[in-house]
Amino acid sequence: MSKCWEMLYKIGHVYFLFNIISDAAVAIWQKGSNMDDRYLNIPSELSDDMRLTPIREGVAAERLQGIVQAERFAEGKNLHITAPVCVLKREPDDGAAIDSQLLYGERFVAYGERGQWLWGQAPRDHYVGWIRKNVVAEGHLDATHQVMSRGTFVYSEADMKSQPVMKIPMASRLVVTDRVNVRDTDYLKTDRGWLIKKHVRPLSKSARDFVMVGESMLGMTYLWAGRSTFGLDCSGLVQLAMQMAGIAVFRDTDMQEASIGEAVELAPDLSGLKRGDLIFWPGHVGMMRDSENILHANGHTMTVFAEPLENAVKRISYLYGTPRSVRRPFALTGQVSNPAEGAAPIAQAS
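Presented here is a report on the structure given in the accompanying data block. (Residues numbered from 1 in each chain as written. Predicted model: local features only at pLDDT ≥ 70, side-chain atom pairs only at ≥ 80, totals over all residues. Heavy atoms only, no water.)

1. Considering a nonpolar patch on the surface
Taken together, the side chains of Tyr-318, Leu-319 and Tyr-320 make up a nonpolar region of the molecular surface, amounting to roughly 450 Å² of accessible area. Topologically, Tyr-318 is positioned in helix H5 (residues 309-320). (Patch = residues over 30% accessible without salt bridge, like charges linked within 9 Å, V, L, I, M, F, W, Y side chains within 5 Å. Areas by Shrake-Rupley, 256 points an atom, 1.4 Å probe, with all protein chains shown as cover. Salt bridge = Lys/Arg side-chain N within 4 Å of Asp/Glu carboxyl O. Helix = DSSP H or I, 4+ residues; strand = E, 2+ residues; numbered from the N terminus.)

The following block contains the structure:
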């Protein structure tokens, strides 16, 4: 059995903990409080980045008054996302480039509008862009829980045989108002319907190991600009995994490279790395599973994939060069390098 497990681990097809929820999965969750947002302090090189600064065409967020020059300063309108996933676009046009996504229940602050589009900022990671009006409701959601499985259905009744209302991804935020047990299955009530309790966790609990969260997404489909378990890109994988461990980080690779943890020198022979280290190429990032193997969402396999770092470096360097930097999250002290020895806690929300 141990040899079989080792083989599965090496080829990167370990599907456990989040996609098949069981009592054993509960062990990786720990009590926390608010998100650890130390990595959302905007570094100097991103201080005037338009992806993070809500100002355009002479209009700026009211909170920027006295900091930037603008013809008008707009008071933000608090909203929350009501679609399972919605796209955040660079311009108010269906054909415009997609920069990111927002998930069910997440907050959005609108500062302007054009036609059926709203322009504003996502407090989750400060990303600025356009979303459609039909995917939001007024007010910020005072969420109590979030989805911790790869996805879960919202049912019309407290019965798995009832009509599903929708499917929502990991990290969707919910307000739970009631709990019932039907045929030995616990259900939680929300304003949109009922969810399986085992797929949800209170916001006060976070995963102990963000790499283990990433490992639960092995085989998931790659999607450019995606940051949900319905499809995600390389930096979306890092952001979502760390978010589920109670660590808030920026959205794009260059932002993550400039803000997360401390720089670690990459040896010519790729030695000295730890589980949880983040490896950056121009426009790409992956997380180390141990001292030799990397986990990343990539356009080569079009999946979340695990492989020896040496193999990834050889393949990626043909187009993009060798890794540019390594960042080590500050909370990685005492981390084990071999997952078979058991995953040590990486972070606890403070």
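2. So, the packing of aromatic side chains
Taken as a whole and judged by the stated rule, the model has three aromatic pairs. Measuring from centroid to centroid gives 6.2 Å for Phe-153 and Tyr-155, while their planes differ by 50°, and the two rings are tilted. Across the ring face of Tyr-39, the terminal group of Arg-38 is positioned such that the distance to the ring centre comes to 5.8 Å. (Phe/Tyr/Trp six-rings, centres within 6.5 Å; stacked < 30°, edge-to-face > 60°. Lys NZ or Arg CZ within 6 Å of the ring centre and 35° of its normal.)

3. Comments concerning the pattern of salt bridges
Scanning the model with the defined rule gives 23 salt bridges in all. Glu-57 serves as the salt-bridge partner of Arg-114, at 3.2 Å between the closest nitrogen and oxygen. Placement of the pair is Arg-114 in strand S8 (residues 107-114) and Glu-57 in the loop between strand S2 (55-56) and strand S3 (59-61), with a sequence separation of 57 residues. Since its relative accessible area comes to 61%, Glu-57 is described here as exposed. The residue Asp-233 makes a salt bridge to Arg-251 at a minimum N-O spacing of 3.2 Å. Of the two residues, Asp-233 is situated in the loop between strand S22 (231-232) and helix H3 (234-244) and Arg-251 in the loop between H3 and helix H4 (253-259); the sequence distance between them amounts to 18 residues. Arg-251 carries the same exposure label as Asp-233, and that label is buried. (Buried < 20%, exposed > 50% of the residue type's maximum accessible area, 1.4 Å probe, protein only.)

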